Amino acid sequence: MLTKTSVDGSLRALRTLRLLVLVSLCVFISVSAASSPAQEEDSAMENIVTEKKAEESHRQDSADLLIFILLLTLTILTIWLFKHRRFRFLHETGLAMIYGLIVGVILRYAVQVPRDTIVVSACFVNSSPATMLVNVSGKFYEYTLKGEINANELNDVKDNEMLRKVTFDPEVFFNILLPPIIFHAGYSLKRRHFFRNMGSILAYAFVGTVISCFVIGLLMYGCVTLMKHLGKMGGDFFFTDCLFFGAIVSATDPVTVLAIFHELQVDVDLYALLFGESVLNDAVAVVLSSSIVAYQPQGDNSHTFEAMALLKSLGMFLGVFSGSFSLGVATGIVTALISFLFTKLRDFQLLETALFFLMSWSTFLLAEACGFTGVVAVLFCGITQAHYTFNNLSPESQDRTKQLFELLNFLAENFIFSYMGLTLFTFQNHIFNPMFIVGAFLAVFVGRAANIYPLSLLLNLGRRNKIRSNFQHMMMFAGLRGAMTFALSIRDTATYARQMMFSTNLLVVFFTVWVCGGGTTQMLSCQRIRVGVDSDQENSVNGLERRSTKQESAWLFRIWYNFDHNYLKPILTHSGPPLTTTLPPCCGPLARFLTSPQAYENECQLKDDDSDLILTDGDISLTYGDITVSTDATGARTSGGLATDDLDRELAYGDHELVMRGTRLVLPMDDSEPPFTDHLRM
């Protein structure tokens, strides 16, 4: 009886449990069915909001790019007006900076675009991660690091979405805007004037930049030490930071001065010295700054002096520069070989130009990817391309490549200067310290003087064509700072020291471009430097008068020139003498295999732009009436009919007939032009 009762109780409990499970399941299904539409509706609304935000962001980005396009358009129109009115006080780059300043003021104070920002104050991490995954209401979102924000500027961050949008990633400058500027400098280099002053240019660019770097660094270290004693320094600023500042501010960019020089046709030697120094010292400044950053002594304190670390930095400087140089030259030679071997590519000028463009730009990226410096690589790639590849291009592609890189250089340079003006008001972490700014201006002035005057004194000891004092004053005055200083400064603004450097460098660039660049014409007049000089006549006629300068360049480049003219040019281009005439007879089959058919056709044509720089016996003679002047291997002149001094005076006037390797050129000269000897007395 008891067993039957217990079984009945168990069955009733089981039925009750089943009933409860069925009721719970029905309730769960009904609740799920009721909540599912609500969740789907919330998800759909979230997707709509996300799409709207993406569309708004797209429109905002388009508006930001439109601002820069309008800036460039306005700059171009104003440039045309200035050129039409012959107004030379303000160059296009200075004008672009002014327009950038105006737009920066408007964006800073007149346009307020609120941003969706939530401040999280309870997150503690050991370091600043580049990417962070955040769990928001069960969903994970990915956020990227923008940089450190001062606690006092949190409210400004919420209201400055527009300012952040118009602030570009610094890598944009290095990978997109700088390559065409540097390549154009090498591709458009006038090698004739450059190599004639090569020794002086190398001295200013290498030795002078290092001197300027250390002079500025030492002076700024004294200034920083004084600021620390006076309590004017709000953060760490070490000696390596001072040297880094000296390196980046030593990069000159006299684009304003050179444009005026070109327009006024200033003395070609002065132009070559200033242009050559600015081209090479940019490359030196980039490698020098990288070497200073790489200075890492052993131990906890990375800012103490250590001889081994200094030697490592020096070795890195030499290794990076030589590696970048070799890579740039190698890429240029590969491009020359491609254009030399694939001769049928000349029939498709668009493809030929596109290949030239891509090979040239890839040099910069390849050097950066390999740990070298793209600025050095693309500079020497441009020089190599101009020397070899240019001769293999079709006439249409030669014009296209020149115009393409000239256009890209113009747009990139003006874009950077416009962005400089904009950044003065849109950059979020400016640190303007009056004492540091004054010290920086004084240090830059002293550093430039320590570069130009002592080196010019030493160089004049070995130069027959002296660097006159008015040239030295002009080079001192023309040491403008520009795109390279700005790009190196903005690349790293994470620390207090780098932020103060960036803000100060902006002011240095503004002052030098507006004041020094704007006063170029007045400085030329004050120093009584010749203008209106025809470079072709200058080098054809005066090159004969000053044939003594032949030894200055020939002793350094005669061996290279002979090797290049006799072997490299015939192998890499369709110009130059055939290898059958330069190689020994035993190499006849190899010479015939490597020589292109076009080389035989061009054998009698003068194709070498450097041939007027380094000449051999009997290469050149000058005919004036019944008088003939020729040069021998030592550069001495022999004449008949008149004494040499009398002939020098006679050559200042009249028509001259130049005979060079069978090519006869008639050089008319203006009868009203005073003799060259009079110019030397100025």
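Note that the structure is predicted; figures quoted are calculated from it, not measured.

> What exactly am I supposed to notice about the overall build of the protein chain here?
Counting its secondary structure elements, the protein chain contains 26 helices and seven strands. For the protein chain, the proportion of its 682 residues judged to be buried stands at 46%. Counted over contacts in the protein chain with a minimum sequence separation of 6, partners at least 24 positions apart contribute 78%. Entry remark: accessible area of the protein chain is about 34800 Å², with carbon and sulfur atoms responsible for 64%.

> When you look at helix α9 (residues 255-264) in this model, what are you seeing that I'm missing?
The periodicity of an α-helix, 3.6 residues per turn, causes residues three or four places apart in sequence to face the same way. Counted residue by residue, α9 has seven buried out of 10 residues, so it is predominantly covered. Residues of α9 that are buried include every one of Val255, Thr256, Val257, Leu258, Ile260, Phe261 and Leu264, and no others. Two residues or fewer after α9 comes Gln265, characterised by a positive phi angle close to 55 degrees.

> Explain the packing of aromatic side chains here, please?
Aromatic rings in a pair are described by how distant their centres are and how their planes are angled relative to each other. Following the criterion strictly, the structure yields 25 aromatic pairs and no others. Ring centres of Phe206 and Phe321 lie 5.1 Å apart, and the angle between their planes is 70 degrees; this geometry places the pair in the edge-to-face category. You can see Phe206 sitting in helix α7 (residues 198-230) and its partner Phe321 sitting in helix α11 (residues 307-341), a full 115 residues away along the chain. Ring centres 6.2 Å apart and planes at 75 degrees place the aromatic pair Phe356 and Phe405 in the edge-to-face group. Note that Phe356 is positioned in helix α12 (residues 349-369) and Phe405 in helix α14 (residues 395-426), a separation of 49 residues in sequence. Members of the aromatic cluster, connected to one another through ring pairs, are Phe183, Tyr187, Phe356, Phe357, Trp361, Phe390 and Phe405. The ring of Phe238 has Lys228 lying over it, and the distance from NZ or CZ to the ring centre is 6.0 Å.

> What should I look at first to understand the packing of helix α5 (residues 170-187) against helix α13 (residues 374-392) in this one?
Between two packed helices, what matters for the description is the angle formed by their axes and the separation of those axes. Close contact between α5 and α13 brings their axes to 7 Å; oriented N to C, the two are set at 40 degrees. For the element pair α5 / α13, the angle class is oblique. Like other packed secondary-structure pairs, α5 and α13 cross with a definite hand, here right-handed. Residue-level contacts link Pro179, Ile182, Phe183, Gly186 and Tyr187 of α5 to Val375, Val378, Leu379, Cys381, Gly382, Ile383, Gln385, Ala386 and Phe390 of α13. Class assignment of the residues belonging to the contact of α5 with α13 gives a composition of 11 nonpolar, three polar and no charged.

> Quick question: what am I supposed to make of the side chain of Ser212 here?
Counting through the fold element by element, Ser212 comes out in helix α7. A residue is classified by how much of its surface remains accessible, and Ser212, at 3% relative accessible area, is buried.

> Sorry if this is basic, but what is going on with the nonpolar core here?
In terms of nonpolar packing, the biggest core is built from 125 residues, with Met220, Phe237, Phe261 and Phe486 touching the most fellow members. Element by element, the count of residues in this core is highest for helix α10 (residues 268-293), at 13 residues.

> Honestly, the pattern of salt bridges in this entry has me stumped. Any pointers?
Pairing between side chains of opposite charge can happen when the charged atoms of each approach one another. In the structure shown here, the tally under the stated rule is four salt bridges. A salt bridge links Arg530 to Asp267; the shortest N-O distance between them is 2.6 Å. Of this pair, Arg530 sits in the loop between α19 (520-527) and α20 (535-545) while Asp267 is found in the loop between α9 and α10, placing the two residues 263 residues apart along the sequence. Across this residue pair, the class does not change: Arg530 and Asp267 are buried. Measuring nitrogen to oxygen at the nearest pair gives 2.9 Å for the salt bridge that ties Asp492 to Arg498. Exposure remark for Asp492: the relative accessible area of 31% places this residue in the partly exposed category. Given the relative accessible area of 13%, Arg498 is considered buried.

> Any chance you could explain helix α2 (residues 92-109) here in plain terms?
In this model, α2 (18 residues) spans 26 Å end to end at C-alpha, consistent with the 26 Å of a helix rising 1.5 Å per residue. Looking at α2, one finds that the buried residues are Glu92, Thr93, Gly94, Leu95, Ala96, Met97, Tyr99, Gly100, Leu101, Val103, Gly104 and Leu107.

> Got a minute to help me understand the packing of α10 against α11 in this structure?
Contact geometry for α10 and α11: axes closest at 9 Å, N-to-C directions at 140 degrees. Taken as axis vectors, α10 and α11 run oblique relative to one another. Seen along the crossing, α10 lies across α11 with a hand that is right-handed. In this structure, α10 uses Ala283, Val284, Val287, Leu288, Ser290 and Ser291 to contact α11, whose residues at the interface are Ser313, Met316, Phe317, Val320 and Phe321. For the contact of α10 with α11, the class distribution of residues is eight nonpolar, three polar and no charged.

> Teacher, can you tell me more about the side chain of Asn433 here?
Within the secondary structure, Asn433 sits in the loop between α14 and α15 (434-460). Discounting residues that sit within four places of it in the chain, Asn433 has contacts with Met227, Lys232, Tyr496 and Met500.

> What exactly am I supposed to notice about the environment of Thr373 here?
Position of Thr373 relative to the elements: it lies in the loop between α12 and α13. In this structure, the C-alpha to C-alpha distance between Thr373 and Val284, residues 89 residues apart in sequence, is 10.0 Å. Setting aside residues no more than four positions away along its own chain, Thr373 makes contact with Val286, Val287, Val320, Ser324, Ala367 and Glu368.

Basis of the calculations
- Numbers given to residues run from 1 along each chain, matching the order in which its sequence is written.
- The model is predicted, so local features are restricted to residues of pLDDT at least 70 and side-chain atom pairs to those at 80 or more, both for listing and for counting; the totals for chains, interfaces and linings are taken over all residues.
- Hydrogens and waters are ignored; side-chain quantities use all the structure's heavy atoms.
- The way it works is that DSSP assigns letters per residue, a run of H or I at least four long becomes a helix, a run of E at least two long becomes a strand, and they are numbered from the N terminus.
- In this scheme, a residue with accessible area under 20% of its type's maximum is buried, one over 50% is exposed, and one in between is partly exposed, where area comes from a 1.4 Å probe on protein chains only.
- The criterion used for residue contact is that any of the two residues' heavy atoms lie within 4.5 Å.
- Residue-level accessible areas treat just the shown protein chains as cover; the underlying method is Shrake-Rupley with a 1.4 Å probe.
- Between the rings of Phe, Tyr and Trp (Trp by its six-membered ring), a pair exists once the centres lie within 6.5 Å; its type follows the angle of the planes, with under 30 degrees stacked, over 60 edge-to-face, and the other angles tilted.
- Criterion for a charge above a ring: Lys NZ or Arg CZ within 6 Å of the ring centre, and within 35 degrees of the ring normal.
- Axes here mean lines fitted to C-alpha atoms, for a helix over just the part in contact, with angles spanning 0 to 180 degrees between N-to-C directions.
- Put simply, angles under 35 degrees are roughly parallel, angles over 145 are roughly antiparallel, angles from 65 to 115 are roughly perpendicular, and the rest are oblique.
- Left-handed describes a crossing whose near helix is turned anticlockwise from the far helix through less than a right angle; right-handed describes the clockwise counterpart.
- For this scheme, ten residues count as nonpolar: Ala, Val, Leu, Ile, Met, Phe, Trp, Tyr, Cys and Pro. Four count as charged, namely Asp, Glu, Lys and Arg, and the remainder, Gly too, count as polar.
- What makes a nonpolar core is a set of buried Ala, Val, Leu, Ile, Met, Phe, Trp, Tyr and Cys residues whose side-chain atoms join them at distances within 4.5 Å.
- A carboxyl oxygen of Asp or Glu within 4 Å of a side-chain nitrogen of Lys or Arg is what we treat as a salt bridge.
- Take the residue count of a helix, subtract one, and multiply by 1.5 Å to get its expected span.

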